[in-house]
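What follows is each chain in one-letter form.
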Amino acid sequence: MSLRSARALLLLPLFLAPACRRAHVHGAGCEAGLVPERPVAQQAGAVQQPAVEAPPAAEEGALTAAQALATFEETWQKVHDTHFDPRFNGVDWDAVRAELRPRAEAARTRAELRVVLDDMLGRLGQSHFGVIPSEALPEVGAGPADQSGGLGFDVRLRAGRLLVTRLDPGGAAAAAGVGLGWSVLAIDDFEVGALLASMEAAAAALGPRKLAFNAWSVAHQHVVGPTGTRATVRFQDGDERTVELQLERRQRDVTVHEFGPNLPPFYLEFRTEERTLGGKRLGLIAFSNWFLPMMKPLDEAVERLRTCDGIVLDLRGNTGGAAAMTMGVAGHFFRESTRLGSMLTRDSTIHILAIPRLSNAAGQRVEPFAGPVAIVVDETTGSASEVLAGGMQSVGRARVFGEPSAGAVLPAVTTRLPNGDTLLHALGDFETARGTRLEGDGVLPDEPVELTRAALLAGRDPALAAALDWLASAPR
C-alpha cells in the first residue's frame, strides 16, 4: 500500500527543542531522536533538487540572501502544498510567511536561518515538522558516524534525575558495579545538569514527557560511540555518593541500516528472552526501530515463542520507523484481517491492517499466536510503535502497561532544502480503529505504572513486572 506520491512515510518522533536539535538528531529518532517513520513504500522520500546550490563547506555555513530566501520559501511551500490539514492546525500560514520572510532573508548563516525555520514550523504545534541540520548527516563518502560500541546502560529522566534504567549483562557498566537507579551526572564533558538547565526555558512549552524524551535522546548519543573508546562517567549511587568510573565502550549487537540519503543511519537493536513466572512460560521481544532488517529476527522470535503462555512487546526506546512493518508484525497475533487504524492525508485514507501470518519462514502452515499480549510503553515509544500499541489496544488484542507514549504519530517524509539541510514534514494524521487521535496525547496505558528511583534501586522494572504479572495470571 502506498501514497499516490509513492513516497515512504516516516513515523519517527520529532519535537526536540531547537537548542537540543542542533546537537543531536535521533530517529529521528530527532527524535534521534529524529525520524520519529510509516503500507507504505520501502523507499525513502523523494529528494528535491535544490534551486540554489548550498555554499561550499569551507564557508562554514555561510549563506547569501538568495540562498537563505530560497530555503525559507521551499520550506514554507512544502508545508503549504502537503500538510494534511488545509487549515494548518488553525495557523494562518500566509501570515506566518509574511512575518518571517524578512528575518529569513536577513540570515547569513545556516544557524541563523534554522532559528527562523524552527520558529515557523513550531507555530504548527505538531510533531514531525523540523529541519535536520546538514552536519548531523554523514558527509558524502565519509560513511556513518560510528555508534558500534556502548557503555552498557540506558537512562530515563525522572524527578530531575537521569536514572540508569537498564544494564546490559555483558556491558562495561554492569561489570564495574553500576546499579539500577543510579543517577548519571556526567559523561566526559557532557554535564546532565547543564543539559537540563539549557532546556529549562523550553520546559513549559515541551511538557514533562517531551522534555524527558529529549534528555534521553541527547544522553544516548554520549553513551554510544566507537567500540573500544573510553569515557569518564560520573554517577550518584543509591546512597547519594558520587562514583566516577572509567568505562570502555564494548561492541553492541546492532545492525546498521541506511534509510535514504536525507537521514542519518540507524543502529538497530533487537533482544528477546523467555521467562518463567507462576508456572507460565512468557516471551519478551524488544527492538529499537521499525525497519526491514528487524523483520527476520522478529519473525524468528515469534516462531520460538509461539508455544509460550503469553508475549510482551517492550516498545520503550522504540522511536518508530516504517509503518508498513506494523501490519506484518501485528499479523502474528490476529487470525483475521483487522483494521488497527487509519492514516488520513489531504486527499486519501490509508488503512493500517493486521494481516494474519498463516505460514512461517519455512513455508509451514501455522496459527497466529492466540495467547495474551502485553505492550510496555513510555515517553520514548514513538510513531510507528504508537501505531501498533494504540491499534492493538483499540481492538482489545493487547493490554498496555507503563507511562504515556510520545504522542508523535504523524506520518512524514523528508525533502532536501536548497541550503543542504533536510526538511521533515508530515503528510497525514493517524487515528485508531476507535477513532482516537494519538498525536499529542500518545497511547494511554490500560495499566499506568510509574517508573520510580526506589523501584529501580530495588532492582525492579515496575512496568515490565506488571506486564509479566498480568500475563502470568491471564488465561491462555
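Going by the structure above, here's the rest.
It should be emphasised that the depicted structure is a prediction, and the values quoted were computed from it without experimental measurement.

A look at the pairing of strand S6 (residues 183-187)
Here comes step 1: Counting buried residues along S6, four of its five residues qualify, which places the element largely inside the surrounding structure.
Here comes step 2: Alignment of S6 against strand S9 (residues 230-236), held across four bridges, turns out to be antiparallel. Note on S9: the bridge partner recorded for Ala186 is Arg234.
Here comes step 3: Both S6 and strand S7 (residues 190-191) contribute to a ladder of two bridges, which runs antiparallel. Paired with Ile187 across the bridge in S7 is Phe190.
Here comes step 4: Here S6 folds back onto S7, and the loop between the two strands holds two residues, one of which, Asp188, carries a positive phi near 55°.

A few points about the sheet that holds strand S20 (residues 399-402)
Here comes step 1: As summarised here, the arrangement of the seven strands in space is S12-S13-S14-S15-S19-S20-S24, forming an open sheet in which the pairing is mixed. Edge positions in the open sheet fall to strand S12 (254-257) and strand S24 (447-448), since each of these has one partner strand only.
Here comes step 2: Running over the sheet, helix H8 (residues 295-305) touches strand S13 (266-277), strand S14 (280-287) and strand S15 (310-314) and is turned about 5° from S13.
Here comes step 3: Most of the contacts of helix H12 (residues 462-473) go to strand S19 (residues 373-377), to which it runs at about 170°, and overall it touches S13, S14, S15, S19, S20 and S24.

So, helix H3 (residues 93-106)
Along an α-helix, a turn takes 3.6 residues, which lines up residues three or four apart on a common side.
Here comes step 1: Under the 1.5 Å per step criterion, the end-to-end length of H3 is 20 Å for 14 residues, consistent within 8% with the ideal 20 Å.
Here comes step 2: The axis of H3 is deflected most strongly, by about 40°, at Leu100, and proline Pro102 appears within four residues downstream.
Here comes step 3: Turning to H3, its buried residues are Trp93, Val96, Leu100 and Ala104.
Here comes step 4: Considering only its buried residues, H3 is in contact with helix H2 (65-82) and helix H4 (110-122).

Points about the nonpolar core
Soluble globular proteins tend to bury their nonpolar side chains together.
Here comes step 1: In terms of nonpolar packing, the biggest core is built from 46 residues, with Ile285 and Ile375 touching the most fellow members.
Here comes step 2: The residues touching Ile285, leaving out its near neighbours within four places in the chain, are Phe270, Arg271, Thr272, Leu298, Ala301, Val302, Leu305, Ile311, Val312, Leu313 and Asp314.
Here comes step 3: Of all hydrophobic cores here, the second largest spans 29 residues; its members include Val184, Phe213, Ala215 and Ala231.

Some remarks on the pairing of strand S4 (residues 153-158)
Here comes step 1: Among the six residues that make up S4, six are buried, leaving the element largely enclosed by the rest of the structure.
Here comes step 2: Burial along S4 is two-sided: Phe153, Val155 and Leu157 and Asp154, Arg156 and Arg158, pointing in opposite directions, are all buried.
Here comes step 3: Counted between consecutive antiparallel strands, the loop separating S4 from strand S5 (residues 161-167) contains two residues, among which Ala159 sits at a positive phi close to 50°.

A closer look at the sheet that holds strand S17 (residues 338-345)
Hydrogen bonds between backbone groups are what pair the strands of a sheet, and the pairing can be parallel or antiparallel.
Here comes step 1: The strand order across the open sheet built from three strands is S18-S17-S23, with neighbouring strands paired in antiparallel fashion. Each edge of the open sheet is held by one strand with a lone partner, namely strand S18 (349-354) and strand S23 (428-432). Strand-to-strand twist of the sheet, defined as the mean angle between neighbouring strand axes without regard to direction, takes the value 25°.
Here comes step 2: Pairing analysis gives six bridges linking S17 to S18, with the strands arranged antiparallel. Bridge assignment links Ser342 to a residue of S18, and that residue is His351.

What counts and how
- Residue positions are counted from 1 within each chain, in the order its sequence is given.
- With the structure being a predicted model, the display of local features is reserved for residues of pLDDT at least 70 and the display and counting of side-chain atom pairs for 80 or more, all residues being used for whole-chain, interface and lining totals.
- Values shown for side chains rest on all heavy atoms present in the structure; no hydrogens or waters enter the calculation.
- Relative accessibility under 20% of the residue-type maximum defines a buried residue, over 50% an exposed one, and the middle range a partly exposed one, all with a 1.4 Å probe and only protein chains included.
- Runs of E in the DSSP output that reach at least two residues are strands. Runs of H or I that reach at least four are helices, and both are numbered from the N terminus.
- The pairing criterion is simple: DSSP has to find at least two bridges between the two strands.
- We call two residues contacting when some pair of their heavy atoms lies within 4.5 Å.
- Whenever a helix is involved, its axis is fitted only over the stretch in contact; in every case the axis is a line through C-alpha atoms, and angles between N-to-C directions fall within 0 to 180 degrees.
- Expected helix span is computed as 1.5 Å times (number of residues minus one).
- We define the bend at any residue as the angle between the axes fitted to the seven residues before and including it, ending there, and the seven starting there.
- Here the nonpolar core consists of buried residues drawn from Ala, Val, Leu, Ile, Met, Phe, Trp, Tyr and Cys, with membership extended through side-chain atoms lying within 4.5 Å.

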